[in-house]
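# A look at the structure
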Amino acid sequence: MRMPALLLAMLATACAGPPASVHGFAGPSEAPTGEVKLSGGGEFSTSDTSAIAYDRKLAPQGAQASVTVESSGNKTRTALVVEGLLPNHHYGVHLHTKPCGAKPDDSGPHYQHRRGEISPSSEVWLDVTTNGDGGGRSTARNDWALDPANLPGSLVLHSQPTKTSGPEVGTAGVRVACLTLKKAS
């Protein structure tokens, strides 16, 4: 069963440190202004890479999520809704460069607006803390547009909150689940 999509998305950082390669563009002056809409969602399975679970403890049977990313006029808005995840748990959530795959690392590094900059101003950070039923919502707003030539390919849920300072800034533990993003009409 698929959940209805919301709006807004997030840019991502590397899961185990700074990414070896990232997609994006050099700066706001080069930002495209065309409208881009991406979405992804569904119930996490262990075989369907459009919504795949890698850790059944943190993404139990029946867990699902929906994400919408809207980008235009030098603004990107991302919205995430989750249900059925581990109750009262804080997940790190980021956009990644490639679609989900059978292996957690298939989604590539975190998507970055400014190459090499690991921060919520260059990436979409959508960390979410679930309620007692395993549900939650998160939104992010960024002051730049997605580059239509280098769009993010997925949204990844991580096992821990995103570290906001120190040498591990931007990391959020192992990859728990992944949603592949597709252009929305």
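Structural data are supplied above this passage.
Here the focus is the overall build of the protein chain. Within the protein chain one finds zero helices and 10 strands. From first element to last, N terminus to C terminus, the protein chain shows the α and β order β-β-β-β-β-β-β-β-β-β. Looking at the 185 residues of the protein chain, the share that counts as buried comes to 56%. Within the protein chain, contacts between residues separated by at least 24 positions form 75% of all contacts whose residues are at least 6 apart in sequence. By element, 51% of the accessible surface of the protein chain is carried by carbon and sulfur atoms, the whole surface being about 8,000 Å².

The subject of this paragraph is the state of the cysteines. Here a disulfide denotes a covalent bond joining the sulfur atom of one cysteine to the sulfur atom of another. Under the defined criterion, the tally for this structure stands at one disulfide. Linked covalently through their sulfurs, cysteine 100 and cysteine 178 form a disulfide whose S-S length is 2.0 Å. Taking the torsion about the sulfur-sulfur bond, which here is approximately -85 degrees, the covalent link between cysteine 100 and cysteine 178 counts as left-handed. One end of the pair, cysteine 100, is in the loop between β5 (90–96) and β6 (128–129); the other, cysteine 178, is in strand β9 (residues 175–180), and 78 residues separate them in sequence. Note on accessibility: cysteine 100 and cysteine 178 belong to one class, buried.

Each value, and the rule that gives it
Residues numbered from 1 in each chain as written. Predicted model: local features only at pLDDT ≥ 70, side-chain atom pairs only at ≥ 80, totals over all residues. Heavy atoms only, no water. Helix = DSSP H or I, 4+ residues; strand = E, 2+ residues; numbered from the N terminus. Buried < 20%, exposed > 50% of the residue type's maximum accessible area, 1.4 Å probe, protein only. Contact = heavy atoms within 4.5 Å. Areas by Shrake-Rupley, 256 points an atom, 1.4 Å probe, with all protein chains shown as cover. Disulfide = S-S within 2.5 Å.

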